[in-house]
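# Overview (structure and organization)
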Amino acid sequence: MLKIGTLSLTSGCILAPMAGISDLPFRLINRSFGCKFAFAEMISARSLVYKSRKTARMMATVASDRPVGVQLLGNDPEIIKAAVETLDDYNFDILDFNAACPVAKVTSRGEGAALLNEPRKLQGLLRIMVKHSRVPVTLKIRAGWDENSLNARDVALYSEDAGVAALTVHGRTRAQGYSGCANYNIIRQVKEALSVPVVASGDALTPQLVKRMFDETGCDGVAIARGALGNPWIFGQTAEFLEKGTTPPGPAVEDLVETMISHLDLCRDFYGEQLGNMIFRKFFLWYTRGIRDVKTLRKRAVRSEATAEMTAIIRGLLSLSQVPEHEEGIAC
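When you go through the protein chain residue by residue, the secondary structure sums to 14 helices and ten strands. Each principal axis of the C-alpha distribution contributes one length, and for the protein chain these read about 60 × 45 × 35 Å. The proportion of buried residues among the 332 residues of the protein chain is 55%. Here the protein chain has roughly 14,200 Å² of accessible surface; of this, 50% comes from carbon and sulfur atoms.

A separate point is the nonpolar core. Counting residues in each nonpolar core, the largest one holds 88 residues, and the members touching the most others are L72, L95, F97, F280, I314 and L317. At eight residues, the largest contribution of residues to this core is made by helix 11 (residues 253–271). Not counting chain neighbours up to four residues away, the residues in contact with L95 comprise V70, L72, V84, L87, M129, S133, V135, P136, V137 and T138. Within the second largest apolar cluster, 13 residues are counted, among which are L2, I14, F39 and A165.

Moving on: the pairing of strand 7 (residues 137–144). Judged by how many residues are buried, strand 7 sits mostly within the fold: eight of eight residues are covered. In this sheet, strand 8 (residues 166–173) lies alongside strand 7 in parallel orientation, the contact comprising six bridges. Across the sheet, residue T138 finds its bridge partner in strand 8, namely A166. For the handedness criterion, the β-α-β arrangement of strand 7, helix 7 (residues 152–162) and strand 8 is classed as right-handed.

This part takes up a positive patch on the surface. Together, K295, K299, R300 and R303 make up a region of like positive charge exposed at the surface. Checked against the element boundaries, R300 lands in helix 13 (residues 295–301).

A cis geometry characterises the amide bond from R66 onward to P67, with omega recorded as -5°. Its location among the elements puts P67 in the loop between helix 3 (53–58) and strand 5 (68–73). One non-glycine residue with positive phi stands out, namely K51, at about 55°. Of note in the backbone geometry, D293 takes a positive phi value of approximately 65° without being a glycine. If you trace the backbone, D293 turns up in the loop between helix 12 (273–287) and helix 13.

This part takes up the packing of helix 11 against helix 14 (residues 307–315). Packing of helix 11 against helix 14 leaves a shortest axis separation of 10 Å and a crossing angle of 170°. Of the possible angle classes, the one that applies to helix 11 and helix 14 is roughly antiparallel. Here helix 11 and helix 14 pass one another in a crossing that is right-handed. For the pair formed by helix 11 and helix 14, the contact residues are V257, M260, I261, L264 and R268 on the first element and T307, M310, T311, I314 and R315 on the second.

Cut-offs used in this document
- Residues numbered from 1 in each chain as written.
- Predicted model: local features only at pLDDT ≥ 70, side-chain atom pairs only at ≥ 80, totals over all residues.
- Heavy atoms only, no water.
- Helix = DSSP H or I, 4+ residues; strand = E, 2+ residues; numbered from the N terminus.
- Buried < 20%, exposed > 50% of the residue type's maximum accessible area, 1.4 Å probe, protein only.
- Areas by Shrake-Rupley, 256 points an atom, 1.4 Å probe, with all protein chains shown as cover.
- Core = buried A, V, L, I, M, F, W, Y, C linked by side-chain atoms within 4.5 Å.
- Contact = heavy atoms within 4.5 Å.
- Pairing = 2+ DSSP bridges.
- Right-handed = clockwise from strand over helix to strand, strands pointing away.
- Patch = residues over 30% accessible without salt bridge, like charges linked within 9 Å, V, L, I, M, F, W, Y side chains within 5 Å.
- Salt bridge = Lys/Arg side-chain N within 4 Å of Asp/Glu carboxyl O.
- Lys, Arg positive; Asp, Glu negative; His and termini not counted.
- Charge placed at Lys NZ, Arg CZ, Asp CG, Glu CD.
- Axes fitted to C-alpha atoms, helices over the stretch in contact; angles between N-to-C directions.
- Parallel < 35°, antiparallel > 145°, perpendicular 65-115°, else oblique.
- Left-handed = near helix turned anticlockwise from the far one by under 90°.

Given below as structure tokens:
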């Protein structure tokens with residue numbers, strides 16, 4: 001059980017927001033395999049205020065996609081306030097603020113992880129959100145800007161004082177990006193300093209690594225990101241491993257094919273024939289990691305133009321005997 005403000009979740013494993021990935025079809029396919037809470041893609045506060053058509057589509061949800069969280073990116077107090085007010089027109093359950101994105105085009109604007117260098121400014125932005133939001137406000141941060149400024153604990157205390165209902169800590173610095181290993185000690189320090197729930201992030205690639213994160217950090221929840229790419233089974237497998245200590249076998253090739261086609265159909269229904277097929281191409285690559293002799297099918301998939309063609313390519317996996325072995329992860 002993970003309680004964030006007034007929201008009670010039956011699982012501490014949540015689907016993290018991933019730019020260009022965490023759309024409605026992706027969330028729905030993961031929910032069908034046991035994901036209880038998911039975040040939509042990170043949203044620019046400015047784009048939301050100026051009513052970008054793309055942003056509106058990124059905010060789309062349905063009844064089966066609840067509870068769901070929205071994550072904002074920005075650094076301008078007035079824009080943040082206006083964005084929170086704009087969100088009154090949308091159905092969601094948690095409002096998260098991003099102070100973790102390491103991408104240069106984001107940090108160069110003073111957004112994302114750049115706010116780790118301005119904890120007082122970040123605190124002010126969070127106070128605005130807490131004051132004007134109708135749902136619990138949470139925050140995502142990193143361990144620090146680099147190894148010389150591991151200030152996650154101090155930033156977390158500022159955010160708790162601002163009124164956030166929970167905090168997610170990615171155990172890498174901005175300088176690391178997504179390389180190297182997550183720092184479990186930093187996450188533990190944050191957990192020990194706060195009274196609100198702490199969700200750990202980084203290297204949650206397998207049920208075993210999720211359990212290790214819980215055990216070594218004392219966190220209240222774990223955010224699963226890369227571990228869910230082409231692998232929605234991770235949620236059910238993790239639940240079983242945490243409860244019983246056993247991990248069910250991965251999907252048979254028939255189950256893999258059925259799941260991929262379901263995901264493709266969701267993409268087509270949401271985006272339309274051409275765009276939906278194009279968006280699914282990257283997911284084909286993730287679903288087929290670890291399958292021997294899949295190279296030819298992959299080449300066809302990334303050039304396919306229609307969902308009927310993509311469906312035929314997916315069914316071609318039935319002629320291959322090996323099912324994917326998803327990333328084991330490295331114990332750092």
